[in-house]
Amino acid sequence: MAEKILVASGKGGVGKTSVTVGLCKALHKCGKKVLIIDCDMLRSVDLLTGVTEKLLYDWGDVVLGRCEPCQAVYASADVDVMTCPFSYEGIDGGKMKNLVALFDEQYDYIFLDAPAGIGKGFELALSGADRALVVSTADLVCVRSACRAADVIFASGMSDVRLIINRVMKKDIKKGRLLNVDSVIDSTQVQLIGVIPEDKAIRLGSMGKNIYRTGQDSYIPFTNIAARVRGEYIDLAL
Ligand SMILES: Nc1ncnc2c1ncn2[C@@H]1O[C@H](COP(=O)(O)OP(=O)(O)OP(=O)(O)O)[C@@H](O)[C@H]1O
Ligand SMILES: [Mg+2]
């Protein structure tokens, strides 16, 4: 049975999609079968995984009975991807849950990459998941919105919620230009699962480059967070 993981943030542009794709690639590297469901109508998972040219159906087509489930799943070099419909009309939490359940037996992990905010796309992604990763950068604005997203997630009854702090620059923390890791944890009240540094290789992901490769700054953090997602103990070593 697949583990279904929501990736959410509140504020937009903090790195949810980049973190989702990097983590899923790391999970694939250790032999796991992974599906990413893009729950953001603005779509970006396909660009970061290189499946854009293949896209014909989205998961809305499956929910609304316009295609077979397998027709809306696109294989990349490592992870499988379902792209988002351009409207959530006719789709509710129950249907989303049923959609995800269709793939339960085929995958070890199903990631639901939420859009920014706590609107319908976020709610649908939340309905399909049984645990969550909240991504925040280390600044006041993003931390506040991460708190809000975490509150909504906890209020739904989900208890397995972990925090990823993204785009961390130690130099800027020292100079007081970013919050330190402890402050972000204290403010969000969410248990930390990992910290990802500012990394040019991740930035280039939005230009279609592979965002998970050896030698990049975030390779070990991605690998370690993936191991923690699998339940392994890896020291946080902040
Ligand atoms: N650790 C990082 N280092 C450098 N750039 C990063 C990092 N994480 C994300 N980025 C860059 O930040 C931008 C936003 O990232 P991304 O699209 O993953 O965020 P998002 O939270 O999914 O956005 P949205 O809310 O619009 O869905 C992208 O240009 C991405 O390459
Ligand atoms: Mg995104």
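Basis of the calculations
Residues numbered from 1 in each chain as written. Chains lettered and ligands numbered in written order. Predicted model: local features only at pLDDT ≥ 70, side-chain atom pairs only at ≥ 80, totals over all residues. Helix = DSSP H or I, 4+ residues; strand = E, 2+ residues; numbered from the N terminus. Rg over C-alpha atoms; globule rule 2.2 N^0.38 Å. Buried ≥ 20, exposed ≤ 12 C-beta atoms within 10 Å, placed from the backbone. Near = placed C-beta within 6 Å. Nonpolar A, V, L, I, M, F, W, Y, C, P; charged D, E, K, R; others polar. Contact = placed C-beta atoms within 7 Å. Axes fitted to C-alpha atoms, helices over the stretch in contact; angles between N-to-C directions. Left-handed = near helix turned anticlockwise from the far one by under 90°. Expected span 1.5 Å × (residues − 1). Pairing = 2+ DSSP bridges. Right-handed = clockwise from strand over helix to strand, strands pointing away.

**Student:** Before we go on, may I ask you to explain the overall build of the chain in this structure?
**Tutor:** Per the secondary structure count, the chain includes 10 helices and eight strands. Taken against the 2.2 N^0.38 rule, which gives 18 Å for 238 residues, the C-alpha radius of gyration of the chain at 17 Å falls within 12% of a compact globule. Counting only C-alpha atoms and orienting by the principal axes, one finds that the chain spans roughly 55 × 40 × 30 Å. Buried positions account for 48% of the 238 residues belonging to the chain.

**Student:** Help me out: how do you make sense of the site of ligand 1 in this one?
**Tutor:** If you check the shell around ligand 1, you find 22 residues, and the closest are Gly12, Gly15, Thr17, Ser18 and Ala116. Contributions of two or more residues to the shell around ligand 1 are made by helix 1 (16–29), strand 7 (161–168) and helix 9 (200–203). Here the shell around ligand 1 gets three residues from one element, more than from any other, and that element is helix 1. When the residues that make up the shell around ligand 1 are grouped by side-chain class, the tally is five nonpolar, 11 polar and six charged.

**Student:** Is there a simple way to explain the environment of Leu112 in this structure?
**Tutor:** Tracing the chain through its elements places Leu112 in strand 5 (residues 109–113). Residue Leu112 is classed as buried on the basis of its C-beta count, with 28 C-beta atoms lying within 10 Å. Each C-alpha atom of the pair Leu112 and Leu163 lies 16 Å from the other, and the pair is 51 residues apart in sequence. In this structure, Leu112 is in contact with Lys4, Ile5, Leu6, Val7, Ile37, Cys39, Ala125, Gly128 and Ala129, ignoring residues within four places of it in sequence.

**Student:** I would appreciate a short explanation of helix 10 (residues 219–229) in the present structure.
**Tutor:** An α-helix turns once per 3.6 residues; consequently, residues spaced three or four apart project the same way. Listing the buried residues of helix 10 in full gives Pro221, Phe222, Thr223, Asn224, Ile225, Ala226 and Val229. Just beyond helix 10, the residue with positive phi is Gly231, at close to 100°.

**Student:** I'm lost on the packing of helix 6 (residues 140–155) against helix 8 (residues 181–188) in this one. Help?
**Tutor:** If you want to describe how two helices pack, look at the angle between their axes and the distance between the axes. Their axes nearest at 9 Å, the elements helix 6 and helix 8 cross at an angle of 40°. Of the two elements, helix 6 crosses helix 8, and the hand of that crossing is right-handed. Side by side, helix 6 and helix 8 meet where Val143, Ala146, Cys147 and Ala150 of the first sit next to Val184, Ser187 and Thr188 of the second. In terms of residue class, the contact of helix 6 with helix 8 is made up of five nonpolar, two polar and no charged.

**Student:** Before we go on, may I ask you to explain helix 6 in this structure?
**Tutor:** The end-to-end C-alpha separation of helix 6 is 22 Å, in line with the 22 Å expected for 16 residues at 1.5 Å each. Buried residues along helix 6 sit in contact with strand 1 (3–8), helix 5 (120–128), strand 6 (131–137), strand 7 and helix 8. Just past helix 6, the residue Gly157 takes up positive phi, approximately 105°.

**Student:** Explanation requested: the pairing of strand 7 in the structure shown.
**Tutor:** Looking along a regular strand, one sees side chains alternate from face to face of the sheet. For strand 7, the tally of buried residues reaches seven of eight residues, placing the bulk of the element in the interior. Bridge analysis of strand 6 against strand 7 gives six bridges, and the strand direction is parallel. Residue Ala132 lies in a different strand from strand 7, and its bridge partner there is Val161. The β-α-β motif built from strand 6, the intervening helix 6 and the parallel element strand 7 has right-handed crossover chirality. Pairing of strand 7 with strand 8 (residues 191–197) involves five bridges; the strand directions are parallel. Across the sheet, the residue bridging to Ile165 is Val195, located in strand 8.

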